[in-house]
Amino acid sequence: MVCEQLIDLLVIGAGPAGLAAAIAAKEEGISSLLVLEREKEPGGILRQCIHNGFGLHRFSEELTGPEYAARDIARAHELEIPIECDTTVLSVSPDRQVTCVSPKHGFRRFSAKAIILAMGCRERPRGALCTPGTRCAGIYSAGTAQRFVNLEGYMPGKRVVILGSGDIGLIMARRMTLQGAKVLACVEIMPYSSGLNRNIVQCLDDYGIPLYLSHTVTEIRGRDRLEGITVSEVDSNRNPIPGSEIRFDCDTLLLSCGLIPENELSQGAGVEISPLTSGAVVRETFETSVPGIFACGNVLHVHDLVDHVSNESFKAGRAAAAYIRSASSAETDTADVWKVQDGAGVRGTVPQMISKHPSSDVDLMFRPSAVFRNASAVVECDGVEILRKKSLIFTPGEMAVLTLKKALLDTLSGSCIEVRMEGGSSRG
Amino acid sequence: MIQLDILVIGAGITGTALSRELSRLNATVAVIDRACDVAEGATKANSGIVHAGYDALPGTQKAMYNVRGAQMYPGLCESLGVSYRKCGALVIGFDEADCAALRDLLDRGIQNGVRDLRLLSQKEALALEPSLNPEVLCALSVPESAIVSPYEMAFALADDAAVNGVSFSFDQDVTGISRLEDGTWQVTTSKDVFICKVLVNCAGSSGADLHNMISDQKLHMVHRRGQYYLLDRAAELPFSRTVFQCPSRMGKGVLVSPTVHGNLLLGPTAEDIPDPLDTATTSDGLSEILKKASRTWPALSVRTNITNFSGVRAHLDTDDFIVGPVPFAPGAFEAIGIESPGLSSAPAIAQDLSAMIASYLSLERKSSLRPFPKHPKPFHEMSDEERTVAVSTDPEYGRIVCRCEVVTEAEIRQAIRRPVGARTIDGIKRRTRAGMGRCQGGFCSPRVAQILSEETGTPLLRITKDGGHSYLLADTIGSFLKGGHR
């Protein structure tokens, strides 16, 4: 017989999202809480991100990943927040029952008043790309290679091509180079990079690593270990152009082709998932479609900067605390919420719903669907412009954030808030 | 030099099924394979269908062994603890010519002794499988068709054989075979020399090459590659049965089928290639699957694809299995050309070969057998109560290594400690499913490599993905910088 433990708040994941959410909830007075983490230490993926550049927004300092995580871990310890590591959550039910397992505590069942989902994301593997060729050793997702190098102390290979220009791939191009490997190329199927501009400059340009835009890997060779790949240019429909093949002799191919929020547990709990973000559909409190279940960080939508993850997760933690105190969700009547819609040139705006009379300012987070230069992001409420932000460039590689002030929202009625891009679009 | 009674060359489904039969006899038996593990050839890369037996021409070896073998599967899987599901199959047709072909298949099936075959109207077919192309005109219902994991089957057969005294040895590439004056056979490999009274050629795609080393009646084999898509088990299955299109001269065509693990399989292609070890996928092959499978399943989506793979069929020009003694080579036996329905036929082929060998060597059956250590239920399939017990007995059941397929550290260690244990990352994957899921080992492979290294005492740098030189890692970062900075 498995006993059931009652608890106010269960946080799943002790990466930056889970830590921030737990800290905020504890600061709001929630003392019956527990953070569950599957790895042996808290910190999440930051543990293997030993490069710097973290914390510029939040701390006005350039920290490494472990340094950034250490600050939240220290704060969590200070607040005496229990974090149980080496513990994997197996299921979450719609009525907030959670089962988990660990070598130390065995199989356990919790019943929580609120749950914060903070499981992060995973990398898109080769299978998702359907790249033809052999299935030899030497093909890794960039994050797996990062773990081998930074946590285990091993080099996965010596002559490297990187497919995809996501941030982890760019960071690994520099990391492998610094460790003595030859990085031959970074290959991106889109006409623009999906990584941050600063990473293109600091990780590719500074080391003379060529970036092939509108190119992809069309063949993988090697029986045992990778021996080489073929890269082809693609047309505007992303189909390879015959005759454009370039062959590379390499022993390693790193894939940095996108991140997917890891929502298997959320789906088990019946949480509605957006096909655009692959994360939960949430309101401005980060509460999902299932009452009392909140989501934040990369499990909700993939961020570029951990600072934004923490910021979002503090809000989710506070909202979960408010939910536990009042034991009720915000109003569910559709007349009392705005539906948030993606307009032209915009993809995956979060949150998808905003309560009328929210308790604080609301950040609208989204990605433009292409590169826009000298353009504006425009927010409309039932067709009336309420906010406009101009920028020299909006790119899919950088999440845009528009803050709707509470004071402004309090003056509005209507039923729909739409975000769209306006002005000079270009794909290059 | 290793002396024994019987040497089986090839540890695929035929060789492992035979080894289990031979382990029941009073004889010394070894199984060798060129690859690093059991099931490394066509056995690891086929459709996983236990065919009912309607397809092969009546009177052929294929027809006889298929029907007999398929009937052995439920009992064999039960005693070995291998999942097997009689999900049934539909063969669908789109025009009058197809319907005539289906009527022929029905007749053939009845002659071959297949039970419960029935022709269905369009309406009946669509009622059974609503995701089918509504343009389907007719279908043959095959309730006896089943699915199984072919490599799990081979692992279990090998384990049972090993527990009962058969030895397995890998990375053994046969370089020479000769018959000695005393009538025994000498088999030279890349590693050893074996002297045996009986040798059995179960060498899959190398079957004809080995045969031609010992026989003047030369055989010619065509290497026919089949490529596949494998979709995530999280995706809702569009079909509960295996759906075939009308078979052609090149094979049974492109199928869409659930697997025993709840994934969806699309494929295979049929392309003749020169190199039997060339298991690459190609863009042409993959697009052909999509084109053909979408005729069965118009709403086809490979958005949830987790991997593509291919296997190579061992097709003989004569288009039938050869099972039995090698003519004019006393003491040599063979099972060659074991392409589809080879998986279905293997238990029956093994039974017959074993009887022939027993009679040739006048072998007695062992008086007692060691019971097969049935593999524990996977953690993923356990109830909460079973999980509670499992973790309290072995705390390593409490550590999930593969999050996508929910595989625990305890199960990974068990896979290495099995009688014929895993020695590679892929060996662990196929025995436990760790790395088989949607992240394709992205998170778990470093940990799996670590456990393999601990359990086998192999340095991490020598751990391979799938044998040979498929090393996972190139160097430690320290020594690489010192020695490798050019």
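Residues numbered from 1 in each chain as written. Chains lettered and ligands numbered in written order. Predicted model: local features only at pLDDT ≥ 70, side-chain atom pairs only at ≥ 80, totals over all residues. Heavy atoms only, no water.

**Observations concerning the overall build of chain B**
Alright, step 1. Looking only at helices and strands, chain B has 13 helices and 23 strands in total.
Alright, step 2. Its C-alpha radius of gyration of 23 Å places chain B within 12% of the 23 Å reference for a compact globule of 486 residues.
Alright, step 3. Over its C-alpha atoms, taken along the principal directions, chain B stretches across nearly 65 × 55 × 55 Å.
Alright, step 4. A fraction of 71% describes how many contacts in chain B between residues 6 or more apart in sequence connect residues 24 or more apart.
Alright, step 5. Of the accessible surface of chain B, which amounts to about 18700 Å², a share of 51% is contributed by carbon and sulfur atoms. (Helix = DSSP H or I, 4+ residues; strand = E, 2+ residues; numbered from the N terminus. Rg over C-alpha atoms; globule rule 2.2 N^0.38 Å. Contact = heavy atoms within 4.5 Å. Areas by Shrake-Rupley, 256 points an atom, 1.4 Å probe, with all protein chains shown as cover.)

**As for the overall build of chain A**
Alright, step 1. On a plain count of helices and strands, chain A comes out with ten helices and 28 strands.
Alright, step 2. Over its C-alpha trace chain A gives a radius of gyration of 22 Å, about what one expects of a compact globule, namely 22 Å for 428 residues.
Alright, step 3. With respect to the three principal axes, the spread of C-alpha positions in chain A is 65 × 55 × 40 Å.
Alright, step 4. In chain A, which comprises 428 residues, the share counted as buried stands at 60%.
Alright, step 5. Here the contacts in chain A between residues at least 6 apart in sequence split such that 64% fall between residues at least 24 apart.
Alright, step 6. Within the structure as shown, chain A displays about 16400 Å² of accessible surface, and the carbon and sulfur contribution to it stands at 50%.
Alright, step 7. Computing the positive centroid from 44 side-chain charges and the negative centroid from 51, chain A places the two 3 Å apart. (Buried < 20%, exposed > 50% of the residue type's maximum accessible area, 1.4 Å probe, protein only. Lys, Arg positive; Asp, Glu negative; His and termini not counted. Charge placed at Lys NZ, Arg CZ, Asp CG, Glu CD.)

**A closer look at the domain arrangement of chain A**
Residue and element names in this part refer to chain A.
Alright, step 1. Assigned domains within chain A: domain 1 (1-121 + 259-329), domain 2 (125-257) and domain 3 (331-428).
Alright, step 2. With 19 residues of domain 1 in contact, the opposing surface of domain 3 contributes 21 residues.
Alright, step 3. At the boundary of domain 1 with domain 3, the tally comes to two salt bridges.
Alright, step 4. With a closest N to O distance of 2.9 Å, Asp304 and Arg367 form a salt bridge.
Alright, step 5. Taken together, the links from domain 1 to domain 3 amount to nine residue pairs in polar contact (both at pLDDT 80 or more).
Alright, step 6. Residue composition of the side of domain 1 that touches domain 3, grouped by class: seven nonpolar, seven polar and five charged. (Domains from an automatic or database assignment. Salt bridge = Lys/Arg side-chain N within 4 Å of Asp/Glu carboxyl O. Polar contact = N/O pair within 3.5 Å; in protein donor to acceptor, adjacent residues only side chain to side chain. Nonpolar A, V, L, I, M, F, W, Y, C, P; charged D, E, K, R; others polar.)

**A look at the pattern of salt bridges**
Side chains that differ in sign of charge can pair as their charged atoms come close.
Alright, step 1. Enumeration over the complete set of coordinates arrives at 63 salt bridges over all chains.
Alright, step 2. Here Arg325(A) and Glu28(A) are joined by a salt bridge, their closest N and O atoms 3.6 Å apart. With Arg325(A) in helix H9 (residues 306-326) and Glu28(A) in the loop between helix H1 (16-27) and strand S2 (33-36), the pair connects residues that are 297 residues apart, well separated along the chain.
Alright, step 3. Using a relative accessible area of 51% as the deciding quantity, one classes Arg325(A) as exposed.
Alright, step 4. Here Glu28(A) falls in the partly exposed class, since its relative accessible area comes to 32%.
Alright, step 5. Here Arg413(B) makes a salt bridge to Glu454(B), at a shortest N to O gap of 2.7 Å. Of this pair, Arg413(B) sits in helix H10 (residues 409-417) while Glu454(B) is found in helix H12 (residues 445-456), placing the two residues 41 residues apart along the sequence.

**Structural notes on the nonpolar core**
Alright, step 1. Membership of the largest hydrophobic core comes to 67 residues, with the highest contact counts inside it found for Leu9(A), Leu10(A), Val92(A), Ile115(A) and Leu117(A).
Alright, step 2. Both domain 1 (1-121 + 259-329) and domain 3 (331-428) of chain A contribute no fewer than three residues apiece to this core.
Alright, step 3. Once you skip the residues sitting within four places of it in the chain, Ile115(A) turns out to touch Leu9(A), Leu10(A), Ile12(A), Val92(A), Arg96(A), Val98(A), Gly292(A), Ile293(A) and Phe294(A).
Alright, step 4. Counting residues in each nonpolar core, the second largest holds 55 residues, with Ala39(B), Val323(B), Ile338(B) and Ala348(B) among its members. (Core = buried A, V, L, I, M, F, W, Y, C linked by side-chain atoms within 4.5 Å.)

**Observations regarding the side chain of Arg420(A)**
All names here are of chain A.
Alright, step 1. When you line up the elements, Arg420 lands in strand S28 (residues 416-426).
Alright, step 2. Within the structure, Arg420 has its side chain in polar contact with the side chain of Glu380 (distance 2.6 Å).
Alright, step 3. Here the side chain of Arg420 touches Glu422 through a polar contact of 2.9 Å, side chain to side chain.
Alright, step 4. Sequence-distant contacts of Arg420, defined by excluding residues within four places in its chain, comprise Gly343, Ala344, Val346, Ser376, Ala377, Val378 and Glu380.

**Side note on helix H2 (residues 61-80) of chain B**
All names here are of chain B.
Alright, step 1. Along its length, H2 shows its largest kink, about 40 degrees, at Tyr73, and proline Pro74 lies within four residues downstream of that point.
Alright, step 2. For H2, the complete set of buried residues consists of Lys62, Ala63, Tyr65, Asn66, Val67, Gly69, Ala70, Tyr73, Leu76, Cys77 and Leu80.
Alright, step 3. Immediately downstream of H2, the backbone of Gly81 shows phi near 70 degrees, a positive value. (Bend = angle between axes of the 7 residues up to and from the residue.)

**Quick word on the sheet that holds strand S22 (residues 346-350) of chain A**
All names here are of chain A.
Alright, step 1. Taken together, the three strands give an open sheet; going across it, the order is S22-S24-S27, and neighbouring strands pair in antiparallel fashion. In the strand order of this sheet, the two ends are held by S22 and strand S27 (400-404), each with one partner. Taken over all neighbouring pairs, the strand axes of this sheet differ in orientation by 25 degrees on average, direction set aside.
Alright, step 2. Relative to strand S24 (residues 362-368), S22 runs antiparallel, the two sharing three bridges. Bridging from a neighbouring strand, Val350 pairs with Met365 of S24. (Pairing = 2+ DSSP bridges. Axes fitted to C-alpha atoms, helices over the stretch in contact; angles between N-to-C directions.)

**Quick notes on the interface of chain A and chain B**
Alright, step 1. Taken together, the contacts link 49 residues of chain A with 54 residues of chain B.
Alright, step 2. For the pair chain A and chain B, the two sides together bury roughly 4300 Å², of which 59% comes from carbon and sulfur.
Alright, step 3. Ranking the residues of chain A by area buried against chain B places Arg135(A), Tyr154(A) and Lys158(A) at the top, with a combined share of 15%.
Alright, step 4. The interface formed by chain A and chain B contains 16 residue pairs in polar contact (both at pLDDT 80 or more).
Alright, step 5. If you tally residues by element for the side of chain A that touches chain B, the top one is helix H5 (residues 142-152) of chain A, at five residues.
Alright, step 6. When the residues that make up the side of chain A that touches chain B are grouped by side-chain class, the tally is 20 nonpolar, 14 polar and 15 charged. (Buried area = accessible area lost by both parts, 1.4 Å probe.)

**Regarding the packing of aromatic side chains**
Alright, step 1. Scanning the model with the defined rule gives eleven aromatic pairs over all chains in all.
Alright, step 2. Ring geometry for Tyr212(A) against Phe248(A): centres 6.0 Å apart, planes inclined by 75 degrees, an arrangement best described as edge-to-face. One end of the pair, Tyr212(A), is in strand S14 (residues 211-212); the other, Phe248(A), is in strand S17 (residues 246-249), and 36 residues separate them in sequence.
Alright, step 3. By relative accessible area, Phe248(A) is classed as buried at 10%.
Alright, step 4. Stacked on the ring of Phe155(B), the Lys or Arg Arg431(B) has its end atom at 3.9 Å from the ring centre. (Phe/Tyr/Trp six-rings, centres within 6.5 Å; stacked < 30°, edge-to-face > 60°. Lys NZ or Arg CZ within 6 Å of the ring centre and 35° of its normal.)

**Some words on the pairing of strand S13 (residues 182-187) of chain A**
Residues and elements named next belong to chain A.
Alright, step 1. In terms of burial, S13 is largely enclosed, as five of its six residues are buried.
Alright, step 2. Sheet analysis places strand S12 (residues 159-163) next to S13, joined by five bridges and oriented parallel. Note on S13: the bridge partner recorded for Val161 is Ala185.
Alright, step 3. Handedness of the S12-helix H6 (residues 167-178)-S13 crossover: right-handed.
Alright, step 4. Bridge count for S13 against S14 is two bridges, and the pairing is parallel. Considered in S14, the bridge of Val187 is made with Tyr212. (Right-handed = clockwise from strand over helix to strand, strands pointing away.)

**Let's talk about helix H3 (residues 65-78) of chain A**
All names here are of chain A.
Alright, step 1. Taking 1.5 Å of rise per residue, the 14 residues of H3 would be expected to cover 20 Å, and the 20 Å separating its terminal C-alpha atoms lies within 8% of that figure.
Alright, step 2. At its buried positions, H3 is contacted by H1, strand S3 (52-54), helix H2 (56-59), strand S4 (63-64), strand S5 (83-84) and H9.
Alright, step 3. A positive phi of about 55 degrees marks Glu80, the residue just after H3. (Expected span 1.5 Å × (residues − 1).)

**Here's the deal with the sheet that holds strand S8 (residues 146-148) of chain B**
Residue and element names in this part refer to chain B.
Alright, step 1. Spatially, the three strands line up as an open sheet ordered S3-S8-S4, and their pairing is antiparallel. The strands lining the two open edges of the sheet, one partner per strand, are strand S3 (49-50) and strand S4 (84-85).
Alright, step 2. Relative to S8, S4 is paired through two bridges, and the arrangement is antiparallel. Looking across to S8, one finds that Arg85 is bridged to Ile147.

**Quick notes on the domain arrangement of chain B**
Residue and element names in this part refer to chain B.
Alright, step 1. Entries for chain B in the domain assignment read domain 1 (2-43 + 151-220 + 319-361), domain 2 (85-148 + 222-313) and domain 3 (379-479).
Alright, step 2. Computed from C-alpha atoms alone, the centre-to-centre distance between domain 1 and domain 3 is 30 Å.
Alright, step 3. Taken together, the contact pairs 14 residues of domain 1 with ten residues of domain 3.
Alright, step 4. Across the interface of domain 1 and domain 3, roughly 1100 Å² is buried in total on both sides, 54% from carbon and sulfur atoms.
Alright, step 5. Among the residues domain 1 hides against domain 3, the three largest losses belong to Tyr151, Phe155 and Asp159. Together they make up 43% of the total.
Alright, step 6. The tally of links from domain 1 across to domain 3 stands at three salt bridges.

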